[in-house]
Amino acid sequence: MMQSKRRVIASVSIPSWRAIAHMFIHSCQYRFVDRFSAGVANACYSIAICAVLASGVSGDEVGVDFESDVAPVLIKRCVECHQGNDPAGGLDLTSRTTMLAGGESGNPVDFANVDESYLLQRIVDGEMPPEKQGKPQRLADDEIHVVRDWLANSAPWPGDRKLDFFERTNDLRAGRDWWSLQPITSPEIPRTTKLPQPANPIDAFVQRQLEANDATPAPEADRRTLIRRLYYDLIGLPPTENEIDDFVRDESPDAWLQLTNRLLDMPQYGERWGRFWLDLARYADTSGYERDQEKPFAWKYRDWVVDAFNCDMPFHQFVIEQLAGDEIENRSERSVIATGFLRLGSWNDEPNDPADYQYERLEDLVHTTSSTFLGMTVKCARCHAHKFDAIKQQDYYRMASAFWAGPVPVGSEQDLGGPKEQTLGFKEVLGWTDLGNRPQPLHVLKSGERHQPMEEIVPASLSFVPKLERTFQPAPEDAKTSRRRLQLAEWIADPNNPLTARVWVNRIWQHHFGKAIVRTPNNFGFLADPPTHPKLLDWLASEFLQNGGRTKHLHRLILTSQTWRQSTLHPDAERLTTHDAGNRLWWHAERRRLDAETLRDSLLAASTELDLTVGGEGFRPTISPEALEGLSRKTDAWQASKPEEQNRRSIYMFLKRGLLPPMMTTFDLCDPTLSCGKRDVTIVPTQALALLNNQFVHDRSEHLANVIAEQSGDVESQVKLAWSHVLRRQPTASELRMSLNHIAAQQETFASKQDSDVQSGNPTQVLGLASLCHVLMNSNEFIYVD
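Novice: Looking at this model, I keep getting lost on the nonpolar core. Mind explaining?
Specialist: The tendency in soluble globular proteins is for nonpolar side chains to be buried side by side. With 193 residues, the main nonpolar core has W150, W277 and Y301 as its most contacted residues. Looking at which element gives the most residues to this core, the answer is helix α14 (residues 298–310), with 8 residues. With residues near it in sequence (within four places) discarded, W150 still touches V64, F66, V70, L74, M99, A155, P156 and W157. In this structure, L628, W638, F654 and L659 belong to the second largest nonpolar core, which totals 5 residues.

So this is what it looks like as structure tokens:
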């Protein structure tokens, strides 16, 4: 019986097992949609080899195939080091010719005595591949048998076939067949089988997956919840009680779409969504490091971003102006202001080694550009080919060459790391431009070390999408710039670029739902979290491109979907949480805490102090003496703006890299050192303590109490006004009773202590009311959005 089973297993050849593996992979929605799928083919391959070994059938009898058996082993385990202009040991394993030519140790293969071949001995002894971080990298027994049997057959190698390290994905790294590098498609909208077919395609994709997992979406949230969620989503501010009541009573069929369009047309929309982009652009108003000098007119870039969102600038233009607004045909002051994107990085005017620092600045420009627009970590290829993604070391320097013509190299004209005003061509602008049209050569650096230059780089696009790969053309002789950034920007903004649209629609989804479809929004590579709904992501990207790259069209699509309008509560939550705790199926809405800016703005809105002035220079918030204690020159280091100037929205807050406002960082304001695609969201005791004790919050409570006291002298009316201002609703009977009791108790406490505020003329009744306002501002109902 056992022999019979062995014969059956052995009758399936290794190529057949590989074919089975490829059939599985191609049945996925994407080829190699995640690391699990990439490893399945390798697992099938290993099973095949083990079966053959157990059967006693030789590799010759089974027939080792180069493409399906040998090439994967060489690419996965050998070619990383044995390729290119400087292969390890001088041995290039990318072609049969270079392999047989040998390396520093001579001919690696003896076909007359394969087992004594130097190549096979090093593999069997575990010397090749070499150890990594002290861990052996020895080939698995099945892989060694493949190599041995292949060499025993005189190492057949198809024609001029040349192995490419990135040609295919395996369980260690992504190749050029990785899902995010494939062309964007417009998938067919799925049909639901159990639920009614939804009108919005977003719901069709989501509900089809829910059906496949024996789940249903949560019911729609109530209208009061929906309008509050919508306001915070689009403008980052709460609706008034009257606005809520009007919407709840409005039964017209287009009430929701009309409300959505009205909010999209408000200037506060650009402020809300512009703030998300500023995180990606690592926006701050100073340079960082010890001196932390102000970057004059950085605020003009912030205003440009706000305006770009408000006018629904096509994303193609949005990309090009930020990377090359000085190089476009109809350049203007505004397009040059957009290049502030490249100026916002930190700047050290006294680096330890200026020659090294120029390459640090290049890395910042490459990383910010690639992670923001492409969702790829190109900076990881500075010293060697990317360990996980199809990015050559040459790709890093190709992208870097686009910025090398600017004020980066040592000895170039610089003003706080940028060009001088006369070179830029406009006064009072923080922008970027090249210093000439023929920059000095940039070399690939061995191990990223400037003392080890290798070949001069030819400026070009990245190579991971061969059909889009292009060499950048030299600028005309009479051009003022190299035109490299413009060509890079056009390559990024090309509608055929598979990454740009996917990355952007993923970011839009993230800020509407609290989590993205690809939950690592700055990384679409091998280490990324796989997309929850790959076809939905492609459909959104395709729809976005077909509608001219207009972001507001995406908002409307998402906000009119049943998926977005779900409740946070689900009747079958206990079972579904066990099955999908991360809500990857989107079976309910996420309850979200207000971020730092919306929390501060909401406090000002509740206290009636919010100043909605749009644009202009930022304000400097008051910072407590304790936070200034570590500064060497406390008085000179920070001068707060006048109190009335500090009532503007938080996007207009002056951000000093070395002194971020503690209240904001407590609620997860991101560090502007690097591009941030997803802020941390923490729930820690210091947040509750900040809301209870921070002077800014107390000032809002007391101001609101004084406003209410002027409107009404009746305590019950005051309570109702407090609830209306803070929570935008009226209290229930029990809430009203508890509020009245709280005020009475606090008044008695303040009176007995003869508080200093009482002596200054602030009556105990107002202090009691301020205490109630403070309690409401600390409530979960105020701080969270359902």
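Novice: Would you take a moment to explain the packing of helix α30 (residues 695–711) against helix α31 (residues 715–727) for this structure?
Specialist: If you want to describe how two helices pack, look at the angle between their axes and the distance between the axes. Running from amino to carboxyl end, α30 crosses α31 at an angle of 135°, the nearest separation of the two axes being 10 Å. Our classification of the angle between α30 and α31 gives oblique. Crossing hand, α30 versus α31: right-handed. Along the contact surface, α30 presents L704, I708, A709 and Q711, while α31 presents Q718, L721, A722, H725 and V726. Tallied by class, residues from the contact of α30 with α31 come to 6 nonpolar, 3 polar and no charged.

Novice: What am I meant to see in the pattern of salt bridges here?
Specialist: Where charged atoms from two side chains of opposite charge approach closely, those side chains can pair. What the rule picks out here adds up to 57 salt bridges. Between R450 and D353 there is a salt bridge; the shortest N-O distance is 2.9 Å. Of this pair, R450 sits in the loop between β1 (443–445) and β2 (453–456) while D353 sits in the loop between α16 (333–338) and α17 (354–374); the two residues are 97 residues apart in sequence, bridging distant segments of the chain. For R450, a relative accessible area of 24% puts it in the partly exposed group. One continuous salt-bridge network, built from bridges that share partners, spans E67, R161, E167 and R168.

Novice: Sorry if this is basic, but what is going on with the packing of aromatic side chains here?
Specialist: We describe a pair of aromatic rings using the distance from one ring centre to the other and the angle between the two ring planes. As enumerated under the stated definition, the model contains 33 aromatic pairs in all. Taking the centre distance of 4.7 Å and the plane angle of 55° together, the rings of F165 and F166 count as tilted. Ring geometry for F205 against W539: centres 6.2 Å apart, planes inclined by 45°, an arrangement best described as tilted. Here F205 is found in helix α9 (residues 201–212), whereas its partner W539 is found in helix α22 (residues 534–546), with 334 residues between them in sequence. Just as F205 is buried, W539 falls in that class too. Counting every residue linked through ring pairs, the aromatic cluster contains Y269, W277, Y301, W304, F309, F315, F318, F341, F373, W504 and F544. It is R620 that lies over the ring of W638; its NZ or CZ is 5.7 Å from the centre. Lying across the ring of Y652, R648 places its NZ or CZ 4.2 Å from the centre.

Novice: Help me out: how do you make sense of helix α25 (residues 596–606) in this one?
Specialist: Structural remark: α-helix, 3.6 residues per turn; residues separated by three or four positions point the same way. The buried count for α25 comes to 11 of 11 residues, which makes it a mostly enclosed element. Within α25, burial applies to A596, E597, T598, L599, R600, D601, S602, L603, L604, A605 and A606. After α25 finishes, the residue T608 shows a positive phi value of roughly 70°.

Calculation notes
Residues numbered from 1 in each chain as written. Predicted model: local features only at pLDDT ≥ 70, side-chain atom pairs only at ≥ 80, totals over all residues. Heavy atoms only, no water. Core = buried A, V, L, I, M, F, W, Y, C linked by side-chain atoms within 4.5 Å. Buried < 20%, exposed > 50% of the residue type's maximum accessible area, 1.4 Å probe, protein only. Helix = DSSP H or I, 4+ residues; strand = E, 2+ residues; numbered from the N terminus. Contact = heavy atoms within 4.5 Å. Axes fitted to C-alpha atoms, helices over the stretch in contact; angles between N-to-C directions. Parallel < 35°, antiparallel > 145°, perpendicular 65-115°, else oblique. Left-handed = near helix turned anticlockwise from the far one by under 90°. Nonpolar A, V, L, I, M, F, W, Y, C, P; charged D, E, K, R; others polar. Salt bridge = Lys/Arg side-chain N within 4 Å of Asp/Glu carboxyl O. Phe/Tyr/Trp six-rings, centres within 6.5 Å; stacked < 30°, edge-to-face > 60°. Lys NZ or Arg CZ within 6 Å of the ring centre and 35° of its normal.

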